[in-house]
Amino acid sequence: MTDKIYKKEEWLASLTDLKEQYKLYVPVKDGDYHNIKPLEEGTKPDFDYQNSRLSPKSAIFPQSERMFEYSLDENDPDHGILQESEKDYRIQVLAGIRPCDAHAMEIVKRNFDTPEYRDYWWVKHRETTILIGLGCNEPCSTCFCTEVGGDPFGEKELDILLHDLGEQYLARGLTDQGIEFLKKAGGTEADKKTLKQAAELAAKAREKIRTKVSTDKLKDKVLNELFDAPFWEEIGFSCLNCGTCTYLCPTCWCFDIQDEVHGKKGDRMRNWDSCMFPLFTYHGSGHNPRDQKYKRVRQRFMHKLKYYVDKYQNGVQCSGCGRCVRYCPVNIDIRQVARLMNKF
Amino acid sequence: MENSYLPYPVRIDEIITETEDRNLKTFKFVFLTPADEEKFAYIPGQFAELSIPGKGEIPIGIASSPSEKGFIKFTVNKVGLVSSHLHNMKVGDIMGLRGPLGISYPWEEMKGKNVVIIGGGFAFTTLRSSIIYMLQPENRANFQKISVVYGARSPGLLLYQDELAQWEARDDINMHITVDGTDDSDWKYNVGFVPTITEEKITSAENAIAIVCGPPIMIKFTQPVLEKLGFPPERIILSLEMRMKCGIGICGRCNIGDKYVCKDGPVFSLAQLKNMPSEY
């Protein structure tokens, strides 16, 4: 492990220097909120933020991604044959993402990178991404990472973890890739006193997360009994099926595949989709297994808190970022649903 | 790394209109790269994504048998955007084929048993694949009695009519073809719904396994008949349909509980389904 200290302005200057070598992404103030955006000429990185409105999942799993392209011109000898789209697979660095969002990448990896099938693009993007986390000194009131296997200073999936120590950052290199990046970024070796200070701040942050969400009994529940539990209609009653929760969620991975045609050329695209939408399961025959909204709401929570738990035996499909809690227009709260399910 | 989303290029080699309402056509595909045929090694019961550039993909059960070499066959009902477009394509057109996908019928378990095949309407495709496969001289001895109950609304809606007639003439397979109703005075087979004919013709569940594929209403009424005959849920095998995209258990669309129909199915035993949510 390598531990380095950077004055804050020195860190930002190093990142700016390194943007020639890597595709760099940083938190940027974007209207009223922050998002992780490319570090380009004129971009003002702002590491003084709670969390980005959108999760950084789109860096690995873009909201809309071209899979293949093809010609529809019958005079073209290759017409009708799908060709892989060329992509920029240079190393990308997401600098300053929150540990919950990095933890989410471990959660979704179990879906995209399996012993049977490896998702071609997800794996390629993930393998060419360096993750630099920024520990949370001030978790939000809606944060509950500690309740679902995470930590405000968690290291899962991260190559580097930053501790904000006021005037300076402590940067801990966690992987070979991370250590190499820190070498290029300069800085000075951290002393014991700084490490101690960082550990104390992290412990304080942990205590600030007061939300208790029990998920320990979910794995022992009978799946069909939870499915038939009496509370689903009530939970789903106010839901608008707007899909905000699934779009903001760092662990929601469902996608659609659609062909787009422009003149004589076409693209096969994959786009984020949402189990909140009725069309998601709508059969060609007109039959729809999830024809009522409470069934779709039930699917989202059962997937995250029961199906995933049973399938992977590795906790829930939630990293506790709290985005769905904050931005649900009708205040549906996954923490409350988890409690109901856990004690059912 | 292999790209499981990339279809094999294929050429439409033959198109057969199967039913009098012209809603069902069988498409015979030939691989543009002959080596792809070996990579597409399949077992009856599996499906594939038919991939039409500019339109999209549809999951369809494989109707040919692995014992039939040189082509792959699918029978497609005209329903939505992709299947309607496919119905208007012509011999020689180029498209894609992605698979084989999903699991097959439980062939190991079926060995040494009496096999009862029950099919309805246009869901007879993977059952056709299975019959052709079982009747191969090198495979036939692996199974005891083979019985088939196959029904459609009317005689003109039965698939594979030439083959049905050939199978009727054989003594190593018991065919029970039926239609819901007909005013054709020359009709020489059964009249009645599939569950009724099943009850009449299938007399024993002894050492038998039932493979059922058909519309939900047929499955619903056949299930109690089979249970009454003494088939335990482990030996009632069903093939399900669901809206799908990726076909490899990643896109999250076709789940029933913690199972994906595309990857963990489409073939499930009734015993398995009883432990899954009834959301299909």
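Quick caveat, the model's predicted, so the values are computed rather than measured.

### Overview of the nonpolar core
Across soluble globular proteins, nonpolar side chains show a tendency to be buried alongside one another.
At step 1: Judged by nonpolar contacts, the single largest core of 116 residues is most densely connected at Tyr25, Leu94, Ala95, Ile132, Ile160 and Leu305 of chain A together with Leu50 of chain B.
At step 2: Other than its neighbours up to four places away in sequence, Ile132 of chain A contacts Val93, Leu94, Ala95, Gly96, Asp159, Ile160 and Leu162 of chain A.

### Considerations on the domain arrangement of chain A
A common way to report how large an interface is uses the accessible area buried once the components associate.
Residues and elements named next belong to chain A.
At step 1: Taken domain by domain, chain A holds domain 1 (2-62 + 77-208) and domain 2 (218-343).
At step 2: Computed over C-alpha atoms only, the centres of domain 1 and domain 2 are separated by 26 Å.
At step 3: Residue-level contacts link 24 residues of domain 1 with 20 residues of domain 2.
At step 4: Classifying every residue of the side of domain 1 that touches domain 2 gives 13 nonpolar, 7 polar and 4 charged.

### Here we look at the domain arrangement of chain B
Residues and elements named next belong to chain B.
At step 1: Split by domain assignment, chain B resolves into domain 1 (8-101) and domain 2 (107-239).
At step 2: Just the C-alpha atoms count here: the centres of domain 1 and domain 2 sit 24 Å apart.
At step 3: Considered class by class, the residues forming the side of domain 1 that touches domain 2 number 6 nonpolar, 8 polar and 4 charged.

### A few points about the pairing of strand 7 (residues 114-120) of chain B
Residue and element names in this part refer to chain B.
At step 1: Of all 7 residues in strand 7, 6 are buried; the element is thus mostly enclosed.
At step 2: Across 6 bridges, strand 7 lies against strand 11 (residues 208-213) in parallel orientation. Directly across from Val115, in strand 11, lies its bridge partner Ile209.
At step 3: Bridge analysis of strand 7 against strand 8 (residues 146-152) gives 6 bridges, and the strand direction is parallel. By the bridge assignment for strand 8, Ile117 is matched with Val148.

### Brief notes about the interface of chain A and chain B
At step 1: Taken together, the contact pairs 39 residues of chain A with 33 residues of chain B.
At step 2: Secondary-structure elements contributing two or more residues to the side of chain A that touches chain B are strand 4 (64-71), helix 2 (99-112), helix 3 (120-127), helix 6 (223-227), strand 11 (255-262) and helix 9 (293-312) of chain A.

### Description of the sheet that holds strand 12 (residues 265-272) of chain A
Paired through backbone hydrogen bonds, the strands of a sheet run either parallel or antiparallel to each other.
All names here are of chain A.
At step 1: Taken together, 4 strands build an open sheet; the order of strands is 5-4-12-11 and the sheet is antiparallel. Every other strand in the sheet has two partners, leaving strand 5 (83-84) and strand 11 as the edge strands with one partner each.
At step 2: Pairing of strand 4 with strand 12, which is carried by 7 bridges, proceeds in the antiparallel orientation. Looking at strand 12, one finds that Phe68 is bridged to Arg268.

### Let's talk about the confidence of the model for chain A
At step 1: The pLDDT averaged across chain A works out to 95; a share of 100% of its residues lies at or above 70.
At step 2: Ranking the elements of chain A by mean pLDDT puts helix 1 (residues 8-18) of chain A last, at 93, and helix 2 of chain A first, at 98.

### Focus: unusual backbone geometry
At step 1: With omega at 0 degrees, the peptide bond leading from Gly99 of chain B into Pro100 of chain B counts as cis.
At step 2: Note on placement: Pro100 of chain B falls in strand 6 (residues 94-101).
At step 3: The residue Asn331 of chain A is not glycine, and still its phi comes out positive at about 60 degrees.
At step 4: Structurally, Asn331 of chain A is set in the loop between helix 10 (323-327) and helix 11 (334-343).
At step 5: A positive phi is found at Tyr160 of chain B, a non-glycine position, where the angle reads about 50 degrees.
At step 6: Positionally, Tyr160 of chain B belongs in the loop between strand 8 and helix 6 (161-169).

### Description of the sheet that holds strand 9 (residues 168-173) of chain A
Residues and elements named next belong to chain A.
At step 1: Read across the open sheet, the 8 strands follow the order 3-2-6-7-8-9-1-10; overall the sheet is mixed. In this open sheet, the two strands that pair with only one neighbour each are strand 3 (33-38) and strand 10 (188-189).
At step 2: Note that strand 2 (residues 23-30) and strand 3 share 6 bridges and pair antiparallel. Along strand 3, the bridge assignment pairs Tyr25 with Pro38.
At step 3: Against the sheet, helix 4 (residues 176-184) contacts strand 1 (2-7), strand 7 (129-134), strand 8 (160-164) and strand 9, and its axis sits at roughly 140 degrees relative to strand 9.

The rules behind each value
Residues numbered from 1 in each chain as written. Chains lettered and ligands numbered in written order. Predicted model: local features only at pLDDT ≥ 70, side-chain atom pairs only at ≥ 80, totals over all residues. Core = buried A, V, L, I, M, F, W, Y, C linked by C-beta atoms within 7 Å. Buried ≥ 20, exposed ≤ 12 C-beta atoms within 10 Å, placed from the backbone. Contact = placed C-beta atoms within 7 Å. Domains from an automatic or database assignment. Nonpolar A, V, L, I, M, F, W, Y, C, P; charged D, E, K, R; others polar. Helix = DSSP H or I, 4+ residues; strand = E, 2+ residues; numbered from the N terminus. Pairing = 2+ DSSP bridges. pLDDT = per-residue confidence, 0-100. Axes fitted to C-alpha atoms, helices over the stretch in contact; angles between N-to-C directions.

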